[in-house]
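# Coordinate analysis (summary)
Each chain, written out:
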Amino acid sequence: MRRFPDRILLLSGALLCFATISSPAAATSSSQHAFAARDTVPVLHAPEAFHEQLILKPMNDGSVYSHFQFTTHVGTMMDEEHFDGAASNIFTHYNLFPRSIGQILHSFDVEELHLTFTQGRWQYGDWGYPLAPSVGTGVELSAWMNDHTYQAEANWKGLTNTLSGLFCASLNFIDDTISIEPKMAFRHEGLYNVHARANTSSENAPRKLRYGSLPHENVCTENLTPWIKLLPCKNKAGIASLLKSHKLFDTRFYSMAVHVRPVCEDELCRVKSLELTQTISTVFDVARQDGSYDWSLSGLFEREITQACPLASTSNVIVHLPQTTPDSNQYQLGPYPPHKTYTTGAADNAQEIAVYDLRKTYSNESSTPFQLSLNWENSRPKSAHRYFTGFGQERGGLSIEVHNSDSQDREAILLDTLPWYLKLYLHTFSVEVNGKPLANQKDVVKKMFYQQAVDRSRPAVLELALNLPANSMVKFSISFDKVFLKYTEHPPDANRGFDVGYAVVTAPLPRQKGQIGYGGLDHSRVYQGRDASLVETRQVSSDTIAEDERDMIRVYTETLLVSLPTPDFSMPYNVITLTCTVIALFFGSMFNLLTRDFQEEEPTTAKDVKGKGKSKVE
Amino acid sequence: MSGSTSVATPASIFTAAFALRLALFHLPALASTLADQVEISTPITSFKRLSEGVFLFRNGVPPYDGGVFHQVCAKGHARADRAFSGAKTDRLFNLLLSKAPLLLGLFYPILSSPLLVNLLYILGDLAIGYMLLQITAIKDQDSAHAKKIRQYGGQLESPGMDGVTVAALYLFNPFTIASCLGRSTILYSNLAVVAGIWMGMKRNQNLAMFNIALATYLSLYPAMLTIPVWLMLNREAGGYSVQKKTAAQSASVFLLSLGSLFLLSFVLVDSWDFFVSVYGTILTVSDLTPNLGLFWYFFIEMFDQFRPFFLVVFQIHVFTFAIPISIKLRKYPLFVSFLLCTIMGSFKGYPSVGDASLYLGLLPLSSEIFKYMRYSFLIVNLFLYSSLLAPIFWYLWVYVGSGNANFFYAIGLVYGIGEIILMIDTTFAVSRRDFELLSPVEEVSADGTKPDWDRKVIQK
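Model, not experiment: these values are computed from the prediction.

Here the focus is the overall build of chain B. Assigned secondary structure in chain B consists of 20 helices and 2 strands. Considering chain B as a whole, with its 460 residues, one finds that 49% of them fall into the buried category. Taking the intrachain contacts of chain B between residues at least 6 apart in sequence as the baseline, contacts between residues at least 24 apart amount to 76%.

And the structure:
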């Protein structure tokens, strides 16, 4: 095929990046009707269709997994009788399918394309398997390319360069040095071979897989913007209007992908089409803000859906409902009830799913924002926060807040370790319950263990055995002085400050089965299961079996950054010189005064002395 | 007594000083602001650290050995108790609390009552004022039969300030008031020093030496004052053998008092750890919190390998002057004690304005030298300049962030230069007056004109 010089490719890619993608014409209602009837009657002309879907899944660790999926189908071929030659012929008309992607596929003879941008690491242990197929950190690009004309090598180069321009990413660095051709790991995702023609024996037409990844590619807004431009409704309407880059990139995990593959529209694969799937997967750490596991759409994304995308055939918001038992923590989903609930999976892996159909919600021209929220009955079982108070670099205060939202008093142990360069004053230690100072600290603080810090050798340790009143916020405050450190004790980036580690609240909780929402509980149980024999022997020897029936959960506070006063690091020589000069001034003068006596000056001439003296007196 | 007419009686001065302090203590914002000022509260003298020590002491934590504070109420977990008691109290070399244990003992019973604490501070200040009054009286008695200096115009030297003025200069010195309101514990050290001098002037050997030992016990440096106080005890004393005998007696009283104070402290806190904590902190300058002295920035910026060397040099430098000054100015023990206090206040590790209030209070005792001073104007300005700008520059550095450490250090240098010029100038003035005494001006010079009182002199 054509062989572009690299430079021209890059240029064209960049132009694509900024060019507005030809927006599809308003979808005809007839096509949607046809689509709805697709399942039963195979139609020859697979119409274009656009589906949007948002899946929200609360995780066991309290975070919320959101998965946006936008699927665009374009009929690439007629059925076999009406097959009119090369698939590429179809790429002369664009309605919903983005022209930029179509042109790329066409130009470089690409059958399948998988491009994923990911930031963060998917925690399989905590989150299970992702809904998105690819979650490797960095950028992953793989493509099946037609090698009829033995141009795959050049096309791959052109593809990476063009995609680089399209998505404003450094994909052009996926060159021969890091491109590979896996033989076994990757298979066709597509459901048929585009270039396999009935009248030719090219069932195994030459196709080549190219794969490359860039682990250090940072994903950011400039990659998201071109991605959004590929959508028919952009982010103006429908589910995509939730995509706000500030919130999306402020998550524990972010993955954005573009997948293109050929699919069949019917069982016999007589009607074939090309499928473009765009996904964004994010994992929101909802508990980070205020320790609560409650969430809402507007809270997660800081945007609202005010209308469905009119071009979309389906527009669904799907919530995977958390599993609960009657005795555990209950939740409330709003708005309730959803349009549809159903269960997937077998008995053990049964997953209840709630579906909200935005097309139904907005069928009557209403424009009220779509509100979706999930609130736990007991969303903040125990949480702890810690922060510095005061200002300036001389002294400050430390406050630790422990929330107990249980309806009964709870025991807990607070452990805080503070570095020696914060000089604590234990006599300033005070306790407040729900904002009111507590006269008798022993009501809350059952026991106290305080180890003073020792300069340059050990930190201060404060350990409190607490009895937290029901539905209370207990606040401990203590003040400290900041120590002035020698200049060699400061880290190289002295003005960044020093990190102070978290405080830990350890609280026993009644053991509950299938409990969800308490951080780390499942792990501790796994751990206990593994070490069951060990635990049991301990239980036998211990006389407090009752307490071991409980799970100890640990709640961690924030780590803090404290800025200590810094000297001027460029001054050592100046300070040594100036100080020594001042001391020498004293020593010299005093030495002079102590070792010498006064003596009357011999007047050289009487007049001279007299004149001088008189003028001085008067 | 003095012939000068004084409108103020001692009673009115003391009443006014008492009322002023009591009124200012009732502005809690002022007192707490002053207590937080680094110029007033050093790690050694801060009332906040004293409160912490008393608090720990009251709760059974050895305040000096980095022990653990372990408050157990009657009903606690049996299991947790075992875990807690398993924690070993390891005694580390520790600079936790650099307060003499007896101060803890002094404040132990009264700390919960702010009024009593405030009264203790006010009375301490008034006691110093009273003792300065008494010292002036004794000095006036002495100078009554001393040789008079004939001054310009043939007049006899007028007597120095009277006691009330001296006391008023101390009591109404802004430094004194600020230090008192800031509840700096340097006051008790100052009290012991002045009491030692008073007793020295009264020739009460035992009490004088005990007070100096107490001051030494509280802040170490006043050990130097044993020499001028011994000089006071031996004013116009007889021969060499008598002096030798009193020297031995004084030394033994001093050491005995110091030893018994240490023993008492040991009994109080039941460990010798305070020794390292208190005097280790003073001598090694391990707390580098800024103050008006020259040490803190020097040792923050000092290269690690030279730190011990300069530490030793600086500390020796403070003590070096005690003997030469006492020999040279042995006729003026009051001035020697002033000079040594100024040296302490300038070159100790943690100076504060409380030290300045002591030497500025002792200075008027040698008021007769004022007219020989050459740089009074400069000195006054340096003190004003630094005491006005120090809080401002501190604020700019630590709170606003628009200045840096050099700002405050520079002010410390200016203050230090002010103190140094004060010492040099007063020493010059004493020597100059001494010269007048030794070689008085002749009534009428050879050519018949009256001579000038400020003769041109040179130092040889």
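From this point, the narrative continues.
Per the secondary structure count, chain A includes 15 helices and 26 strands. Taking all 618 residues of chain A together, the buried fraction comes to 38%. Partitioning the intrachain contacts of chain A with sequence separation of at least 6 by distance along the chain shows that 77% fall at a separation of at least 24.

This part covers unusual backbone geometry. The phi angle at A:Asn471 is positive, at roughly 45°, despite the residue not being glycine. Positionally, A:Asn471 belongs in the loop between strand 20 (460-468) and strand 21 (472-482). The phi dihedral of B:Leu220 is positive, around 65°, even though this residue is not glycine. Examined against the element boundaries, B:Leu220 turns out to sit in the loop between helix 10 (205-219) and helix 11 (226-233).

With that out of the way, let us pick up the UniProt feature "transmembrane region" (unreviewed entry) in chain B. Mapped onto this numbering, the UniProt entry annotates "transmembrane region" (unreviewed entry) at residues 185-201, 208-231, 251-269, 276-300, 306-325, 332-350, 380-400 and 406-424 of chain B. Here residues 208-231 of chain B runs as 75% helix and 0% strand, with 12 Å between its end C-alpha atoms.

Residue and element names in this part refer to chain A. Here 3 strands make up an open sheet; going across it, the order is 8-13-10 and the pairing antiparallel. In this open sheet, the two strands that pair with only one neighbour each are strand 8 (295-296) and strand 10 (331-334). Here 4 bridges tie strand 10 to strand 13 (residues 373-376), and the two strands are oriented antiparallel to one another. Looking across to strand 13, one finds that Tyr-331 is bridged to Trp-376.

Residues and elements named next belong to chain B. Overall, the predicted model of chain B reaches an average pLDDT of 84, with 85% of residues at or above 70. The low-confidence segment residues 1-5, where pLDDT is below 50, has 7 contacts with residues more than four positions distant or belonging to other chains. A low-confidence stretch, residues 70-96 stays under pLDDT 50, and its non-local contacts, those more than four residues away or across chains, total 42 contacts.

Attention shifts here to the sheet that holds strand 2 (residues 64-74) of chain A. Residue and element names in this part refer to chain A. Ordered in space as 5-4-3-6-7-2-1-9-12-11, the 10 strands form an open sheet in which the pairing is mixed. Pairing within the sheet leaves two strands with one partner each, and these edge strands are strand 5 (207-214) and strand 11 (340-344). Neighbour-to-neighbour, the strand axes of the sheet open up by a mean angle of 15°, direction not taken into account. Two elements, strand 6 (residues 253-264) and strand 7 (residues 272-284), share 12 bridges in a ladder whose sense is antiparallel. Bridged to Ser-255 within strand 7 is Ser-281. Taken strand by strand, helix 5 (residues 152-166) contacts strand 3 (110-119), strand 4 (138-146) and strand 5, and its axis lies near 140° from that of strand 4.

Remember that side chains alternate between the two faces of the sheet whenever the strand is regular. All names here are of chain A. Here strand 7 lies mainly inside the structure; 13 of its 13 residues are buried. Where burial is concerned, the two faces of strand 7 agree: the one with Lys-272, Leu-274, Leu-276, Gln-278, Ile-280, Thr-282 and Phe-284 and the one with Ser-273, Glu-275, Thr-277, Thr-279, Ser-281 and Val-283 are both buried. In this sheet, strand 7 lies alongside strand 2 in antiparallel orientation, the contact comprising 11 bridges. Bridge pairing links Val-74 to Leu-274 in strand 7.

Okay, the environment of B:Leu111 next. Residue and element names in this part refer to chain B. Mapping Leu-111 onto the fold places it in the loop between helix 5 (101-107) and helix 6 (114-144). Taking the C-alpha atoms as reference points, Leu-111 and Leu-50, 61 residues apart in sequence, are found 9.6 Å from one another. Those residues within four positions of Leu-111 in sequence are excluded, and the remaining contacts are Ser-51, Val-54 and Val-117.

UniProt marks residues 573-594 of chain A with the feature "transmembrane region" (unreviewed entry), using the numbering shown here. Span residues 573-594 of chain A is 100% helix and 0% strand, its end C-alpha atoms 31 Å apart.

The next point concerns the environment of B:Met199. Residue and element names in this part refer to chain B. As for its placement among the helices and strands, Met-199 is situated in helix 9 (residues 186-201). For the pair Met-199 and Val-229, spaced 30 residues apart in sequence, the C-alpha separation works out to 8.5 Å. Ignoring anything within four residues of it in the chain, the contact list for Met-199 reads Asn-204, Leu-207, Ala-208 and Asn-211.

Turning our attention to helix 6 (residues 221-229) of chain A. Restricting attention to buried positions, one finds in helix 6 of chain A the residues A:Leu224, A:Pro226 and A:Trp227. When helix 6 of chain A is viewed along its axis, its buried side chains cluster within an angular range of 170° and face the same direction.

Quick look at the nonpolar core now. Residues A:Leu466, B:Ala167 and B:Leu340 are the most contacted members of the largest nonpolar core, which totals 179 residues. Looking at this core element by element, the count peaks at 15 residues for helix 20 (residues 405-438) of chain B. Counting the residues that make up this core, at least three belong to each of domain 2 (382-511 + 549-562) and domain 3 (566-595) of chain A. Among residues more than four places away in sequence, those in contact with B:Leu340 are B:Met224, B:Leu225, B:Pro228, B:Ala322 and B:Ile325. Judged by nonpolar contacts, the second largest core, of 84 residues, contains A:Met256, A:Ile305, A:Ala312 and A:Tyr356.

Now for the packing of helix 10 of chain B against helix 12 (residues 240-269) of chain B. Residue and element names in this part refer to chain B. Remark: helix 10 packs on helix 12, axes separated minimally by 8 Å, with the N-to-C direction vectors making an angle of 45°. With respect to each other, helix 10 and helix 12 are oriented oblique. Judged by the twist between their axes, the crossing of helix 10 over helix 12 is right-handed. Between helix 10 and helix 12, the contacting residues are Gln-205, Asn-206, Met-209, Phe-210, Ile-212, Ala-213, Leu-214, Thr-216 and Tyr-217 on the first element and Thr-246, Gln-249, Ser-250, Val-253, Phe-254, Ser-257, Leu-258 and Leu-261 on the second.

Next up on the list: helix 3 (residues 99-108) of chain A. Buried within helix 3 of chain A are the following residues: A:Ser100, A:Ile101, A:Gly102, A:Ile104, A:Leu105 and A:Phe108. A positive backbone phi angle near 60° is found at A:Asp109, which sits one or two residues after helix 3 of chain A.

Residue and element names in this part refer to chain B. Contact geometry for helix 1 (residues 10-25) and helix 7 (residues 163-171): axes closest at 10 Å, N-to-C directions at 5°. Comparing the axis directions of helix 1 and helix 7 gives the class roughly parallel. Packed against helix 1, whose contacting residues are Pro-10, Ile-13 and Ala-17, the element helix 7 presents Val-164, Ala-167, Ala-168 and Leu-171 at the interface. Of the residues belonging to the contact of helix 1 with helix 7, the class tally is 7 nonpolar, no polar and no charged.

Take the environment of A:Gly136 next. All names here are of chain A. Within the secondary structure, Gly-136 sits in the loop between helix 4 (124-127) and strand 4. A residue is classified by how many C-beta atoms lie within 10 Å of it, and Gly-136, with 13 of them, is partly exposed. Sequence separation between Gly-136 and Thr-118 is 18 residues, and the spatial gap between their C-alpha atoms is 6.4 Å. Gly-136 has contacts with Thr-116, Thr-118 and Ser-213, leaving out every residue within four places of it along the chain.

A few words on the confidence of the model for chain A. A low pLDDT means the predicted coordinates there should not be read in detail. All names here are of chain A. For chain A, the average pLDDT comes to 75, and 73% of its residues sit at 70 or higher. The secondary-structure element of chain A with the lowest mean pLDDT is helix 12 (residues 532-541), recorded at 37, while helix 14 (residues 572-595) shows the highest, at 93. A low-confidence stretch, residues 77-89 stays under pLDDT 50, and its non-local contacts, those more than four residues away or across chains, total 17 contacts. Counted against residues more than four places away or in other chains, residues 511-549, with its pLDDT under 50, gives 37 contacts.

Calculation criteria
- Residues numbered from 1 in each chain as written.
- Chains lettered and ligands numbered in written order.
- Predicted model: local features only at pLDDT ≥ 70, side-chain atom pairs only at ≥ 80, totals over all residues.
- Helix = DSSP H or I, 4+ residues; strand = E, 2+ residues; numbered from the N terminus.
- Buried ≥ 20, exposed ≤ 12 C-beta atoms within 10 Å, placed from the backbone.
- Contact = placed C-beta atoms within 7 Å.
- UniProt positions renumbered as here; feature names shortened; annotations may be inferred.
- Pairing = 2+ DSSP bridges.
- pLDDT = per-residue confidence, 0-100.
- Axes fitted to C-alpha atoms, helices over the stretch in contact; angles between N-to-C directions.
- Arc of directions from axis to C-beta.
- Core = buried A, V, L, I, M, F, W, Y, C linked by C-beta atoms within 7 Å.
- Domains from an automatic or database assignment.
- Parallel < 35°, antiparallel > 145°, perpendicular 65-115°, else oblique.
- Left-handed = near helix turned anticlockwise from the far one by under 90°.
- Nonpolar A, V, L, I, M, F, W, Y, C, P; charged D, E, K, R; others polar.

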